[in-house]
Amino acid sequence: MTMSGARLSRRAFLGAGAALSALTVLPSRTGQAKAPAPFVPTRTLTLKAGETELKLLGPDKPATRILAYDGTPFQTLRLPRGTKLEATFENGLDEGSTLHFHGIRMPNEFDGVPTLTQPLVEAGGRFVYRIPLDDPGTFFFHPHCDETGQAGKGLAGVLIVEDRRDPKFDAEHVLCLKDWRLADDGNFLPLSEPDSASKAGTFGGTRTVNGAPSVELTAPAGGDVRLRILNIDATRIMDIGVSHGEAWLIAVDGHALKPVRLDDLKDGIWRMGPAQRIDLHVRMPADGSAVSIGDYRAADIYQFATLKAEGRVAKPRKGPLALPAADLPRPDVKKATRYSFTLQQATDAAVKETGLPPDDPLAKALIDSLCVGETTYWGIDRESWPTGERRHLPPPLAGMMEGRSYRVEIRNETRFPHPVHLHGHAFDVLSSSLDRLPRHYADTVLVQPGEAVEIAFVAAPGDWVFHCHILEHMETGMMGWFRVV
Ligand code: C2O
Ligand code: CU
């Protein structure tokens, strides 16, 4: 395998044998036992990470050197359900990276988590991902190394899996929400501040949708619009609401749910943390009027999109247009094995564990290959994903069996909300102790301070990380993993 440690002198390398062995890719027992099913790609493409320019501060202001795949900010791939995607990732950055297809159920070896499922792809390197796209919906992809730095600078793309069974909308728009931390000269401000990383996270001051301050769209009066809204920010939690139109929530994280009128949700909004996506169905009002979509969380409402009604739809429809039910493994909630995990501020033990001095080159190489920050602020059940000079992966939070059903309670003991994501699965969100969530499938669920949320899923084979998607929280410890054999 390639890893940063390979750059070290042979003596240092041998001397650190014990430390390094903890960093080699853990063998997946199931992977070895079964011959891999033949994968014949139906679509092949390349995604090259690199720099590009975007005018984020305004047309007359200096541009920002952001990161993007293939030079296209938030590049959108639209592929039919059933596609067998072979994506070659080329790392044009000057540091290691990987590609993670967020929310996609897939073989573990293509999950893109450095150390756990694959070696880090060094600068100039490449890695081929073979991904079956079985679930329709709104997904995205992003790096899984130095995410605060890489995704924070814009490295992410949208993956839309289309389904022939989808209802026909009169218009469809993709809205990618992301904030940027910029100085007046267009350069990035530090993407993480220690004081913020240990709290709600470091916020960007320049808010954008699809890289612009806001967008103005049109749709026929009385027509039906599908909005795919993605929170690809590193930090911000948003309350998405719609004014002057009829709107239904029709999918969460890509997965259809029984349409819920937005007005019937608590406060008439859907609260969405980093990495979460929703599909909304908006029925347009009469000609000449407009619908606006915004984030109502701050006192200072951010209206990011306006939909103007223009012309007329031929045949107005009634009621919501439901998406086809997601075809997912349904957990048996009665027979499921139960777990409970608590999200915490890091315990002293985790923070104080010492290894090598931080200026030791080996310590630096170890941090690089784990793709983590230097400090631990957070943990799950008193374990923190290694940061700083801590060298060993923690033991798995749970050992599970392939095909079995599990119910996992996630308790938030901290003072901040955390959007918690499990790789490689779509889970059934069963309940919230604050009683604020309709039952739905998702890959990321927001857990409020003091809240307990229960999810259930059928375990898929492999080593899957389970982490907060506020990127600084994840990189300062709030990540663990499940081993499913
Ligand atoms: Cu969106 Cu661990 O990822
Ligand atoms: Cu968090």
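Quick look at the structure, then. (Residues numbered from 1 in each chain as written. Chains lettered and ligands numbered in written order. Predicted model: local features only at pLDDT ≥ 70, side-chain atom pairs only at ≥ 80, totals over all residues. Heavy atoms only, no water.)

## Observations concerning the overall build of the protein
Next up, step 1: Along the protein, the regular secondary structure elements total eight helices and 30 strands.
Next up, step 2: Within the protein, the fraction of its 485 residues that count as buried is 59%.
Next up, step 3: Considering only contacts in the protein between residues 6 or more positions apart, those separated by 24 or more positions represent 76%.
Next up, step 4: Within the structure as shown, the protein displays about 19500 Å² of accessible surface, and the carbon and sulfur contribution to it stands at 51%. (Helix = DSSP H or I, 4+ residues; strand = E, 2+ residues; numbered from the N terminus. Buried < 20%, exposed > 50% of the residue type's maximum accessible area, 1.4 Å probe, protein only. Contact = heavy atoms within 4.5 Å. Areas by Shrake-Rupley, 256 points an atom, 1.4 Å probe, with all protein chains shown as cover.)

## Side note on the sheet that holds strand 9 (residues 171-180)
Within a sheet, each strand pairs with its neighbour through backbone hydrogen bonds, oriented either parallel or antiparallel.
Next up, step 1: Reading across the sheet, the six strands line up as 10-9-12-17-14-15 and stay open at both edges, with mixed pairing between neighbours. The sheet is open, and its two borders are formed by strand 10 (206-209) and strand 15 (255-261), each paired with just one other strand. Across the sheet, the mean angle separating the axes of adjacent strands is 25° when strand polarity is ignored.
Next up, step 2: Taken together, the seven bridges between strand 9 and strand 12 (residues 224-231) define a ladder with parallel strand orientation. Following the sheet pairing, Cys 176 is matched in strand 12 by Leu 230. (Pairing = 2+ DSSP bridges. Axes fitted to C-alpha atoms, helices over the stretch in contact; angles between N-to-C directions.)

## Considerations on the pairing of strand 29 (residues 462-468)
Next up, step 1: Within strand 29, seven of the seven residues are buried, leaving the element largely enclosed by the surrounding structure.
Next up, step 2: The alternating pattern of strand 29 places Gly 462, Trp 464, Phe 466 and Cys 468 on one face and Asp 463, Val 465 and His 467 on the opposite face, and all of these are buried.
Next up, step 3: Bridging between strand 24 (residues 418-422) and strand 29 involves three bridges; their strand directions are antiparallel. Counterpart to Val 420 in the pairing with strand 29 is Cys 468.
Next up, step 4: Bridging between strand 29 and strand 30 (residues 479-484) involves six bridges; their strand directions are antiparallel. What sits directly across from Asp 463, in strand 30, is Arg 483.

## Regarding unusual backbone geometry
Next up, step 1: For Phe 74, which is not a glycine, the phi torsion comes out positive at approximately 50°.
Next up, step 2: Take Phe 74: it is sitting in the loop between strand 2 (64-69) and strand 3 (76-80).
Next up, step 3: Of note, Asn 210 is a non-glycine position whose phi angle comes to about 50°, a positive value.
Next up, step 4: Along the chain, the position of Asn 210 falls in the loop between strand 10 and strand 11 (215-221).

## Section: the sheet that holds strand 25 (residues 427-432)
Next up, step 1: If you trace the six strands from one edge of the open sheet to the other, you get 21-20-23-28-25-26, paired in mixed fashion. Since the sheet does not close on itself, it has two edges, and those belong to strand 21 (378-380) and strand 26 (440-442), each with one partner. In this sheet, neighbouring strand axes are inclined to one another by 30° on average, regardless of whether the strands run parallel or antiparallel.
Next up, step 2: Summarising the sheet, strand 23 (residues 405-412) and strand 28 (residues 452-458) pair through seven bridges and their orientation is antiparallel. The residue of strand 28 that forms the bridge with Ser 405 is Val 458.

## Regarding the coordination of the copper ion (ligand 2)
Next up, step 1: Looking at the copper ion (ligand 2), the protein donor atoms are His 418 (ND1), Cys 468 (SG) and His 473 (ND1), and they sit 2.0 to 2.1 Å from it.
Next up, step 2: Read N to C, the donor residues that coordinate the copper ion (ligand 2) are spaced as H-x49-C-x4-H. Of the two residues, His 418 sits in strand 24 while Cys 468 sits in strand 29, which places them 50 residues apart along the sequence. With respect to burial, His 418 and Cys 468 carry one shared label: buried. (Donors = N, O, S within 2.8 Å, 3.2 Å for Na, K, Ca; no water.)

## Description of the nonpolar core
Next up, step 1: Ile 229, Ile 240, Phe 304, Phe 457 and Phe 466 are the most contacted members of the largest nonpolar core, which totals 66 residues.
Next up, step 2: Sorting elements by how many residues they give to this core places strand 19 (residues 302-312) first, with five residues.
Next up, step 3: Here this core spans two domains, and each of domain 2 (171-312) and domain 3 (337-484) adds at least three residues to it.
Next up, step 4: When neighbours within four sequence positions are excluded, Phe 304 is seen to be in contact with Leu 175, Leu 177, Val 209, Ser 214, Val 215, Ile 229, Ile 240, Ile 293, Gly 294 and Asp 295.
Next up, step 5: In this structure, Leu 45, Leu 77, Ile 104 and Phe 110 belong to the second largest nonpolar core, which totals 25 residues. (Core = buried A, V, L, I, M, F, W, Y, C linked by side-chain atoms within 4.5 Å. Domains from an automatic or database assignment.)

## Description of the pairing of strand 4 (residues 84-91)
Next up, step 1: In terms of burial, strand 4 is a largely internal element, six of the eight residues being buried.
Next up, step 2: With seven bridges connecting them, strand 1 (residues 43-54) and strand 4 associate as parallel partners. By the bridge assignment for strand 4, Ala 49 is matched with Asn 91.

## Points about the packing of aromatic side chains
Next up, step 1: One pass over the full model with this rule turns up 15 aromatic pairs.
Next up, step 2: Relative to Phe 188, the ring of Trp 180 has its centre 6.3 Å away and its plane inclined at 35°; by these criteria the two rings are tilted.
Next up, step 3: For Trp 180, a relative accessible area of 0% puts it in the buried group.
Next up, step 4: In textbook terms, an aromatic cluster arises when at least three aromatic residues are bridged by ring pairs, as seen for Tyr 339, Phe 341, Tyr 406, Phe 457, Phe 466 and Phe 482.
Next up, step 5: For the cation-ring pair, Lys 178 lies above Trp 180, with the distance from its terminal atom to the ring centre recorded as 4.5 Å. (Phe/Tyr/Trp six-rings, centres within 6.5 Å; stacked < 30°, edge-to-face > 60°. Lys NZ or Arg CZ within 6 Å of the ring centre and 35° of its normal.)

## Thoughts on the side chain of Glu 454
Next up, step 1: Within the fold, Glu 454 resides in strand 28.
Next up, step 2: Taking relative accessible area as the criterion, Glu 454 reaches 13% and is therefore assigned buried.
Next up, step 3: Among the polar contacts listed, one links the side chain of Glu 454 to the side chain of Arg 407, at a separation of 2.9 Å.
Next up, step 4: Setting aside residues no more than four positions away along its own chain, Glu 454 makes contact with Arg 338, Arg 407, Val 408, Glu 409, Asp 428, Val 429, Leu 430 and Ser 431. (Polar contact = N/O pair within 3.5 Å; in protein donor to acceptor, adjacent residues only side chain to side chain.)

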